[in-house]
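# Chains, contacts and geometry: an overview
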Amino acid sequence: VMFTYQITVEYLGTNFVGWQIQKNGLSIQEILEKTLSRFLKEKIKVIGSGRTDAGVHASEQSAHLKIKHNIIDKNNFINSINFFLKKYPISILGIKKKSNKFHARHSANKRIYKYFIINRCSSLALEKNKAWHIKKKLDINIMKQGAEILKGTHNFSTFRASSCQAKSPIKTLKKVVVKKNKNQIVLTFQSKSFLQQQVRSMVGSLKYLGEGKWNLNDFKKAFLSKKRTMCAPPAPAHGLYLTKVFY
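Residues numbered from 1 in each chain as written. Predicted model: local features only at pLDDT ≥ 70, side-chain atom pairs only at ≥ 80, totals over all residues. Heavy atoms only, no water.

Of all hydrophobic cores here, the largest spans 66 residues; its most connected members are Leu 32, Ile 117, Leu 150 and Leu 187. If one sorts the elements of this core by residue count, helix α4 (residues 198-210) sits on top with six residues. In this view, Leu 32 contacts Val 9, Trp 19, Val 46, Leu 85, Ile 90 and Ile 92; residues no more than four positions away in its chain are not counted. One finds Ile 118, Leu 124, Val 186 and Tyr 241 within the second-largest nonpolar core, a separate group that totals six residues. (Core = buried A, V, L, I, M, F, W, Y, C linked by side-chain atoms within 4.5 Å. Buried < 20%, exposed > 50% of the residue type's maximum accessible area, 1.4 Å probe, protein only. Helix = DSSP H or I, 4+ residues; strand = E, 2+ residues; numbered from the N terminus. Contact = heavy atoms within 4.5 Å.)

A full pass over the atoms with the stated rule returns six salt bridges. One salt bridge in this structure joins Glu 30 and Lys 34, with 2.9 Å as the shortest N-O distance. With Glu 30 and Lys 34 both in helix α1 (residues 28-40) and four residues apart, the pair spans about one turn of that helix. Exposure remark for Glu 30: the relative accessible area of 18% places this residue in the buried category. Among the ionic pairs, Lys 213 bridges to Glu 211, the shortest N-O distance being 3.3 Å. (Salt bridge = Lys/Arg side-chain N within 4 Å of Asp/Glu carboxyl O.)

A word on the packing of helix α3 (residues 140-150) against helix α5 (residues 216-225). It is the contact of α3 with α5, at a shortest axis distance of 10 Å, that shows an interaxial angle of 25°. The angle between α3 and α5 places the two elements in the roughly parallel class. As α3 runs across α5, the sense of the crossing is right-handed. In contact with Ile 142, Gln 145, Gly 146, Ile 149 and Leu 150 of α3, α5 contributes Leu 216, Phe 219, Lys 220 and Phe 223. Its residues placed into classes, the contact of α3 with α5 shows six nonpolar, two polar and one charged. (Axes fitted to C-alpha atoms, helices over the stretch in contact; angles between N-to-C directions. Parallel < 35°, antiparallel > 145°, perpendicular 65-115°, else oblique. Left-handed = near helix turned anticlockwise from the far one by under 90°. Nonpolar A, V, L, I, M, F, W, Y, C, P; charged D, E, K, R; others polar.)

Scanning the model with the defined rule gives 13 aromatic pairs in all. Ring-pair connections join several aromatic residues into one group, and the members of that group are Phe 39, Phe 77, Phe 83 and Phe 84. Between the NZ or CZ atom of Lys 110 and the centre of the ring of Phe 246, over which it lies, the distance is 4.3 Å. (Phe/Tyr/Trp six-rings, centres within 6.5 Å; stacked < 30°, edge-to-face > 60°. Lys NZ or Arg CZ within 6 Å of the ring centre and 35° of its normal.)

Below is the structure:
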């Protein structure tokens, strides 16, 4: 008998090749699988809710694993695993028993990403690699108008990486919120699922709008063109956080 467990994980993606196991460097998935396999003394496969790219962070990634035995003391389990993980910026936040039908990726019905921008002249000391530093003053109101245009069901081909594996470019953005507090701008995106590089591409295009490189018409034209070549340069990975996955 195998038991299915869901884990929630926080990590700083800076020095990793991303979530997904790759030959060219260390991934979050590889570290978790090795650590869990060693601790549970069985071969563990960890399936994430989605791949985050190199340099992208997560405040609450979700994953599942199937194991041979029941976890009786969850706190003890979490503390033990986190003890082994402590040389990496990775932490298991929680563990929950699920039905064997549960799948971290396929069962998800809502994902939330946040993107952080620090809009100021001075370089970043505390937020280095944790937010996008933009010196030029951004117009938050026009960025909010751009965000409204992105809401709803659209063909997001403009904002899709050429290597994207998704069957369809059509996605439904339930929420796009742009908020400013002092010099921090936070963009929140909610959808059932996202295309590869979709969030960073949308943020890069909203930034073009905010700094006056584009007006609303240019933004709409790029979006409606469905052409990747019309997209503004995508925002860097280090400002992006996967913040919640709902089932």
